[in-house]
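# Reading the structure
Each chain is listed here by its residues.
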Amino acid sequence: MSKTVPFATTIEVRDRCLCLRLQRAARAMARRFDDALRPAGLTNGQFSLLMALNRPEPPPPGPVAALLAMDRTTLTAALKPLERQGLVVVERAPDDRRRRRLVLTNEGRARLAAALPLWRAAHAEVEAALGDPAPLRDLLRDLERPAAQAS
């Protein structure tokens, strides 16, 4: 009863699949920013996470996970190396000891500040290559919404 998928179908998916195309573009973009941020000792994911914590008040994990479009388990795993490096501290909220909040340390702020010009330079290169990035940003923002909201 085993059916095989013809190789022509593989080519069709390779050439038409928007999800695959977005995954490939995201990986290429991640590599580009990883390379740019390496002198600051950060990956692009770590930079985004530190930037998400750069707020007037330390946020709880939930809103940070939502902003970064990741589940809380993935966020917890992503925080571990940053905690080991002393860039982030997870502490109990002073008003409710059952809740946690994510604190960007002084070292974390310094690392983020060191990475920012690297990010800006890489980002400027990408924008120059794309031309006007506004339409792409709008399309990507539309894709971020759940399917039920998009219609």
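The following paragraphs examine the structure supplied in this document. (Residues numbered from 1 in each chain as written. Predicted model: local features only at pLDDT ≥ 70, side-chain atom pairs only at ≥ 80, totals over all residues. Heavy atoms only, no water.)

### Brief notes about the side chain of Arg 101
On the secondary structure map, Arg 101 appears in strand 2 (residues 96–104). Polar side-chain contacts of Arg 101 include one of 2.7 Å to the side chain of Glu 91. Those residues within four positions of Arg 101 in sequence are excluded, and the remaining contacts are Glu 57, Pro 58, Pro 59, Pro 60, Val 89, Val 90, Glu 91, Arg 92, Ala 93 and Pro 94. (Helix = DSSP H or I, 4+ residues; strand = E, 2+ residues; numbered from the N terminus. Polar contact = N/O pair within 3.5 Å; in protein donor to acceptor, adjacent residues only side chain to side chain. Contact = heavy atoms within 4.5 Å.)

### Details of a nonpolar patch on the surface
On the surface, Leu 22, Leu 130, Leu 136, Leu 139, Leu 140 and Leu 143 cluster together into a nonpolar patch covering about 540 Å² of accessible area. Looking at which element gives the most residues to the nonpolar patch, the answer is helix 7 (residues 134–144), with four residues. Assignment of secondary structure puts Leu 136 in helix 7. (Patch = residues over 30% accessible without salt bridge, like charges linked within 9 Å, V, L, I, M, F, W, Y side chains within 5 Å. Areas by Shrake-Rupley, 256 points an atom, 1.4 Å probe, with all protein chains shown as cover. Salt bridge = Lys/Arg side-chain N within 4 Å of Asp/Glu carboxyl O.)

### Some remarks on the nonpolar core
One finds Leu 50 and Leu 53 to be the most contacted residues of the largest nonpolar core, which totals 19 residues. When contributions to this core are tallied by element, the ones reaching two or more residues are helix 3 (44–53), helix 4 (61–67), helix 5 (72–84), strand 2 and helix 6 (106–130). The element contributing the most residues to this core is helix 3, with five residues. Discounting chain neighbours no more than four positions away, the residues touching Leu 50 are Leu 42, Leu 82, Leu 87, Val 88, Leu 104, Gly 108 and Leu 112. (Core = buried A, V, L, I, M, F, W, Y, C linked by side-chain atoms within 4.5 Å. Buried < 20%, exposed > 50% of the residue type's maximum accessible area, 1.4 Å probe, protein only.)

### Here's the deal with the pattern of salt bridges
Counted under the stated rule, the structure contains nine salt bridges. The closest approach of N and O atoms between Asp 15 and Arg 14, which form a salt bridge, is 2.7 Å. Its relative accessible area of 42% is what places Arg 14 among the partly exposed residues. Of the charged contacts in the structure, one is a salt bridge between Arg 137 and Glu 127, with a shortest N-O distance of 2.4 Å. Taken together, the positions of Arg 137 in helix 7 and Glu 127 in helix 6 put the pair ten residues apart, joining distant regions of the chain. Taking relative accessible area as the criterion, Glu 127 reaches 27% and is therefore assigned partly exposed.

### So, the environment of Cys 17
With respect to the helices and strands, Cys 17 occurs in the loop between helix 1 (7–16) and helix 2 (18–37). Measuring from C-alpha to C-alpha, the distance between Cys 17 and Met 29 comes to 18 Å, with twelve residues separating the pair along the chain.

### Some details on helix 5
Given a rise of 1.5 Å per residue, 13 residues ought to cover 18 Å, and the 19 Å separating the end C-alpha atoms of helix 5 matches this to within 8%. Here the buried face of helix 5 lies against helix 3, helix 4, strand 1 (88–93) and strand 2. N-capping of helix 5 is provided by Asp 71, with a side-chain oxygen placed 3.1 Å from the backbone N of Thr 73. (Expected span 1.5 Å × (residues − 1).)

### Some thoughts on the packing of aromatic side chains
This structure, assessed with the given rule, holds one aromatic pair. Each ring, one from Phe 47 and one from Trp 119, has its centre 6.0 Å from the other, and the planes form 20 degrees; the classification is stacked. Of this pair, Phe 47 sits in helix 3 while Trp 119 is found in helix 6, placing the two residues 72 residues apart along the sequence. Exposure remark for Trp 119: the relative accessible area of 27% places this residue in the partly exposed category. (Phe/Tyr/Trp six-rings, centres within 6.5 Å; stacked < 30°, edge-to-face > 60°.)

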